[in-house]
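Residues per chain, in single letters:
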Amino acid sequence: MTHEGTTSVDYGRDYYNEAHLGGHGDYSWDNEEWRTFFTRMAERLLAVAPAATVLDVGCARGLLVHAFLLQGVDATGIDVSEHAVASAHEDVRDRLSVASATEPIEGRYDLITCIEVLEHMEASAAHDAIDAMTAATDRIVFSSTPSDLDEPTHINVHDTREWAAWFADRGFYRRTDVDLSFITSWAILFERAEPSSRELVDRYETVLNRYVTETVAKREALLASQREVSRLGQEVDGGDAKLQEALREARHDLLVNRDQFIGTEAEIGRVNRDLTRMAQELRSTSRKLTRTTQKRDELQKRLARVNERSEQQVQRLRRRVADLEGELAAARTSFPRRVARAVRRRLG
């Protein structure tokens, strides 16, 4: 079965071996490290997104499905890899299916998980997968690496903000109050919503304010470190080893604070760009909705006019038929009389 961009054979036994997956041992439910990781993931996900039914898209050997089952959740999974499904634990194998994420999903689910999957798919196929998932649920846990280009099967890597924009196109928005960093630092809980401009701004401003506060604190720490370095520099004597060591430590702290400050400012920039883009998309969607509503109202008026004209035409036709039926009835009555009169004249 083809998984556009990559195929099922790309995810065979070697893909799931210890070396490929970072040296954590056999990728199976029997491996305590993997079992613990997915059990905790399932517990934490259900804490922030309670669900009775879950579908794991790109489930591999079904470890997350297994973990959900132990939490009492009706969980199933799909994966393009025939090897992965066939080698799954016997307790979950019948709950896994070989299928492409691009295929329409039957039924609806309280939650769909899609973790490190779409970067393996050709771009248009990834959008088909998003369409399939958003049609089958109102909540999606999504994660896709924004930077790992070393993996050969990562053929569709994008920054997280791009995925967020594509989900927003389908009416799904990030839950900014939910932290999924226990999965990956870029994992997101998307939820179907129709936020107003005010609500959307409030969500992102809440996140932005946290980074701004952190930046101010780091700027103050940076300034304090800079002042300490200057003070020590003035006091240092060429032969005073202790002061020289203190100066080196202060300079190190200064560099660490500076790096953190730069990183935080970069994150603020990304959040601002996300906010700007989302606001633009919301305005665009509002304009489209207004235009669509206007077109609908115009079509309804035109339909009403057509219906009115049609009703008038029907009434005219009915009157004409009635007139014709009257003429026909009169003709049927008068014709025998005329014939009888003509016969009597001839016989008389």
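Rules and cut-offs
Residues numbered from 1 in each chain as written. Predicted model: local features only at pLDDT ≥ 70, side-chain atom pairs only at ≥ 80, totals over all residues. Heavy atoms only, no water. Salt bridge = Lys/Arg side-chain N within 4 Å of Asp/Glu carboxyl O. Helix = DSSP H or I, 4+ residues; strand = E, 2+ residues; numbered from the N terminus. Buried < 20%, exposed > 50% of the residue type's maximum accessible area, 1.4 Å probe, protein only. Pairing = 2+ DSSP bridges. Axes fitted to C-alpha atoms, helices over the stretch in contact; angles between N-to-C directions. Contact = heavy atoms within 4.5 Å. Core = buried A, V, L, I, M, F, W, Y, C linked by side-chain atoms within 4.5 Å. Polar contact = N/O pair within 3.5 Å; in protein donor to acceptor, adjacent residues only side chain to side chain. Expected span 1.5 Å × (residues − 1). Arc of directions from axis to C-beta. Phe/Tyr/Trp six-rings, centres within 6.5 Å; stacked < 30°, edge-to-face > 60°.

**Focus on the pattern of salt bridges**
A full pass over the atoms with the stated rule returns 10 salt bridges. One salt bridge connects Arg61 with Asp26, and the closest N-O pair in it is separated by 3.7 Å. Taken as a pair, Arg61 in the loop between β3 (53–57) and α2 (63–70) and Asp26 in the loop between β2 (6–7) and α1 (32–48) lie far apart in primary sequence, 35 residues in all. For Asp26, a relative accessible area of 46% translates into the label partly exposed.

**A short note on the pairing of β3**
Burial runs high along β3: four of the five residues are buried. Pairing geometry for β3 and strand β4 (residues 74–79), over five bridges, is parallel. Directly across from Val57, in β4, lies its bridge partner Ile78. In this structure, β3 lies alongside strand β6 (residues 111–115), joined through three bridges in parallel fashion. The partner of Val54 across the bridge, within β6, is Leu111.

**Points about the sheet that holds β6**
Pairing is mixed in the open sheet, where seven strands are placed in the order β5-β4-β3-β6-β7-β9-β8. Edge positions in the open sheet fall to β5 (96–98) and β8 (172–174), since each of these has one partner strand only. Within this sheet the neighbouring strands show an average axis-to-axis angle of 20 degrees, counted without direction. With four bridges joining them, β6 and strand β7 (residues 139–143) adopt parallel strand pairing. Of the residues in β7, the one forming a bridge with Thr113 is Val141. Along the sheet, helix α5 (residues 160–169) contacts β7, β8 and β9 (188–192); its crossing angle with β8, the most-contacted strand, is approximately 145 degrees.

**Thoughts on the nonpolar core**
Formed by 32 residues in total, the largest nonpolar core has its most connected members in Phe38, Phe68, Leu180 and Ile183. Among the elements of the structure, α1, α2 and β6 are those that each provide at least two residues to this core. At six residues, α1 tops the list of elements feeding residues into this core. Counting residues in each nonpolar core, the second largest holds 28 residues, with Ile105, Val117, Ala132 and Trp166 among its members.

**Some points on α5**
Where burial is concerned, most of α5 is hidden: seven out of the 10 residues are buried. Measuring from the backbone nitrogen of Arg161 back to the side-chain oxygen at the start of α5 gives 3.1 Å, which picks out Asp159 as the cap. Gly171, located one to two residues past α5, shows a positive phi value of around 85 degrees.

**Notes on α1**
Spanning 17 residues, α1 covers 25 Å between terminal C-alpha atoms, matching the ideal 24 Å at 1.5 Å per step. All buried positions along α1 are accounted for by Trp34, Phe38, Met41, Ala42, Leu45 and Leu46. Looking down the long axis of α1, one finds its buried residues gathered within 125 degrees of arc, a one-sided arrangement. Among the exposed residues of α1, those pointing more than 90 degrees away from its buried face are Glu32 and Ala47. At its buried positions, α1 is contacted by α2, β6 and β7. Of the residues that open α1, the one with a side-chain oxygen 2.8 Å from the backbone nitrogen of Glu33 is Asn31.

**Some details on the packing of aromatic side chains**
One pass over the structure, following the stated rule, counts 10 aromatic pairs. Judged by centre distance (4.3 Å) and plane angle (15 degrees), the rings of Phe167 and Phe190 are stacked. Remark: Phe190 occurs in strand β9 and Phe167 occurs in helix α5; sequence separation between them is 23 residues. Using a relative accessible area of 0% as the deciding quantity, one classes Phe167 as buried. Grouping aromatic residues by their ring pairs yields a cluster made of Phe142, Trp163, Trp166, Phe167 and Phe190.

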